[in-house]
Each structure stands twice: as C-alpha cells, then as structure tokens.
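Take a look at the letters that make up each chain.
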Amino acid sequence: MASWGAVARLAPALRVAAAAANAARTGEFAAAASTTSQQRRWGSSGRSGLTSKMVADFRSDTVTQPTTDMRVKMGAAEVGDDVYGEDETVVALEKRAAAVLGKEAALFVASGTMANLIACGVHCGRGEELICGDRSHIYFWEAGGPSVLMGISMRTVRNKADGSMCLDELADAFRADDFHCANTKLVCLENTHNVCGGRLLDMDFARKACALAAKHGCATHLDGARLANAAVAQRTTMQALSQPFDTINLCLSKGLGAPIGSVLAGPGTFIEQAKRMRKLVGGGWRQAGVIAAAGLHALDNHVERMQEDHDHARMLASEVARLPYVQIDTASVETNIVNFNLTEAWGGNVRDLAALLQPHGVLLGSAQMETSREVRLVTHLNVSRAHVEYALEHLRAALSKPLR
C-alpha cells in the first residue's frame, strides 16, 4: 500500500488529470482559471483545441474575474468570525445592502440559490406552498431545493414572454381554505427574468401581484439576482424596485462582478430567522470579510458601468438579427442577456453551434438545454466591444450555410 506521503506527492498530478478528464467529458474550457480580467487571453499553448488567443466568454455573467482594485480591497479586508458576528467587513456589507435595497436588515450568503432557499424556508413551513413562475429560476434551475430540503410545495403560474404573469391566473393559484390543500404562504417573482432573456419586471404588475398576495395573507419574495441591471436599465434605484416586496435576493457575483455571494434583505425579525436557516443549510461564514469586501467594492463601483453591458447586448442583438438561420426579437433585449433561436433549416442545435465556435475562443450557452435551438449570450464586466465584434465575426462564419 502506498504511503500517505506518496499519495500527497501525487495529488497535484491527480488534480490535473481529473481536470483534464472533466474537460474532455464536458467539452468546455474555463477561461477564468488562467486569465486576467483585463486581457482574457490564453497562453500560446492553447487548450481543448483552441486555435485563437482571444476568448470571448458569453456563457454567463457569473464568469467574471475580480478586478485589480477589487483584489486589493479583498486583500486588505478586516476579518473576524462571522458566526460570532465579529467580521466587520461582512457587517458593513450587510448594512450597505440593506440600505441599497431599502430594507431593515440583510444577510450575506454564499449564492443566489441559497438566498432564495432560505427565504422560502423562512416564509413557508413544511407542507405549505409557494407560487412562482413556470420559467422562474427558483423552479427551473435550483434543483427543486424548496421541495427537497424545506418540504415546500411549488405551484407554478405561466410566465408571459416578459417574465410577468396574468393576474387572473395568479389569483386562481391561491389555494382555498380547505384541509385537502396545502396552505399558500408565498409568492415569488423575478427581476430581471433570466430564462425570459433578462426582461424587466413591469412594476405596475409587481405592485398588483404583491397587493394580491397580501389580500390572501401571503408574503412576497423577489429573486432580484440581476436587480442592479434592472435599476440601471430603468434609470431608477434598486430600493424603488424592491419596495413592493417583503424580501429580496440580490446576487453580487453576476453583473456586479464579485467572485462569490448574494445578500438576502428584509425585516429584522425575518433576517434573524434567516440566520438560523443559513446555519441549517451549512452556510455559516467564518472569516468571510475577504469576499464581503468584493461585494462592497462591486456595490460602490460596478453598478453604473452595467450600461456598457446593456449596450453591448443590444449591439449583439442587432447584428445577430442580420444573420441567416436565426430568429430573434431584438425589442426583447432590455438588459445584458440575448436569446435567439436557430431555425430548423440550419440543421443543428446549441451544442452544434458551440462546438463550431469554441476552437475560436467564443463561448455561449442556452436559456434552456444545450440540445435545444435557443441560444443565450450574456454580456458582462469582462466583455468589451472588441469581444462582441470578434464573436459576431465567428457567428457569421458558423451560420453562413446549413450545418447539414
């Protein structure tokens, strides 16, 4: 049997081998692992068949790298044990987030999914029910967490193309006071709406939906993962967009560009319960100030610059609309997400298009599944106009003729 020392000496090689095997299985490569946020370029050796040094990563706004200034703030952060409430940087972030969102208190958590899970778990007891959109992130992309971990039933209402709902259909989704039925306790909305293409939540609808929930004795939660994008696009504040809702999740690691974390905001009593729920799901922080500092820097420096991301998305959309074998509604591109469909005549799906573009360093994703024909491009902090032009050049080549 090999000694532990021998195993330890082999560990780096084993990690490299495991990473290579994973890359081979998924057919993906991670620009963020070996590039700087300023250049986004590969070394001369290339990787995974890459033939170009330029990398234009449009898969998500979660792929951003911390800026140099952000890294300086992270390195200089004052830290303490946050479980004891002694990390001053975390405390500062939570106070700042509460003020930005117009709520009494806030809680720093590891991810948007965790923030939404905790909110659902505090608002609803086991065996109770929440209402959300049938294309919502909570229902579609969070592994069924409210049901699996919190015992909450999720009842869906059809999302319109802009991410809102028909108010009559929402009204019909509230359960009657009948012991045969789960008690409805929560309504969840989303702004901007991810699957619907970064669409802005209509605030007249939001206020009416929140009033309807209150009429039925239900709380409201906003999945505002990209709420900063919404505020910039609508030339308003995150506080104004949060006002109708009881609780809000704001993600720091999407368009805001922090490497990790979200904040959950709401009433003080709610946040005290949320702390217990965070502990329950393994989310207690220790010296988390090093990452809270990134969130503070993002809130102070990365909000207004999101307009650049929106401009780049509109540029992408207008040029993609000129391509053959594409269907796109350019008017629906309101923030930093561009969704378009490949026509059946092209003969392929998202996976096929991604395979053509990947060797040139252009990465894209899908709003649904990679076997669908719905392509998603997301602009962000590390996408410049040059990246957009480069991606369009290779999209034009890939879609110049039928695949099959």
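Refer to the structure above for everything that follows.
Every value quoted in this text rests on a predicted model; they were computed, and no experiment measured them.

Each value, and the rule that gives it
The numbers attached to residues start from 1 for each chain and follow its sequence in the written order. The predicted nature of this model means local features are confined to residues of pLDDT at least 70 and side-chain atom pairs, given and counted, to a pLDDT of 80 or more, with totals for whole chains, interfaces and linings taken over all residues. The side-chain values count all of the structure's non-hydrogen atoms but skip hydrogen atoms and water molecules. Any two strands with at least two DSSP bridges between them are considered paired. Here a strand is any run of E in DSSP of at least two residues, a helix any run of H or I of at least four, and the numbering for each starts at the N terminus. Contacts are assigned to residue pairs that have any heavy atoms within 4.5 Å of one another. Note on definitions: angles span 0 to 180 degrees between N-to-C directions of axes, and those axes are lines fitted to C-alpha atoms, for helices only across the stretch in contact. Nonpolar cores were defined as sets of buried Ala, Val, Leu, Ile, Met, Phe, Trp, Tyr and Cys residues, with membership established by side-chain atoms within 4.5 Å. Relative accessibility thresholds used throughout: buried, under 20% of the residue-type maximum; exposed, over 50%; partly exposed, between the two (1.4 Å probe, protein chains only). Like-charged residues within 9 Å of one another, or nonpolar side chains (Val, Leu, Ile, Met, Phe, Trp, Tyr) within 5 Å, are grouped into patches, provided each residue has over 30% relative accessible area and no salt bridge. Only the protein chains shown count as cover for residues, and the accessible areas themselves come from Shrake-Rupley with a 1.4 Å probe. We define a salt bridge as a contact between a side-chain nitrogen of Lys or Arg and a carboxyl oxygen of Asp or Glu at a distance within 4 Å.

Asks: I keep staring at the sheet that holds strand β12 (residues 365-366) and nothing clicks. Help me out?
Replies: In spatial order, the strands read β9-β10-β13-β12; together these 4 strands make up an open sheet with antiparallel pairing. Across the chains shown, the open sheet's two edge strands, defined by having one partner strand only, are β9 (326-327) and β12. Note that β9 and strand β10 (residues 337-342) share 2 bridges and pair antiparallel. Looking at β10, one finds that Q327 is bridged to N341. Here helix α13 (residues 306-320) sits on the sheet in contact with β9, β10 and β13 (374-378), set at roughly 15° to β10.

Asks: How should I be thinking about the nonpolar core in this particular structure?
Replies: One broad rule of soluble globular proteins: the nonpolar side chains tend to lie buried together. Grouped together as the largest cluster of nonpolar side chains are 54 residues, with contacts concentrated most on F108, L170, L189, L227, M238 and L256. The element that contributes the greatest number of residues to this core is helix α8 (residues 203-215), accounting for 7 residues. A56, A313, V362 and L364 belong to the second-largest nonpolar core, a separate cluster that totals 31 residues.

Asks: Mind showing me how you'd approach the environment of K160 here?
Replies: Among the secondary structure elements, K160 is positioned in the loop between β4 (153-157) and α7 (167-173). Once the C-alpha coordinates of K160 and D134 are considered, the two residues, 26 residues apart in sequence, prove to be 9.5 Å apart. When residues no more than four places from it in sequence are discounted, the contact partners of K160 are M165, C166 and C196.

Asks: Sorry if this is basic, but what is going on with a nonpolar patch on the surface here?
Replies: Together, Y139, F140, W141 and M369 make up an exposed nonpolar region whose accessible area comes to about 370 Å². Tracing the backbone shows F140 in helix α5 (residues 137-140). Residue classification places F140 among the partly exposed positions, given a relative accessible area of 31%.

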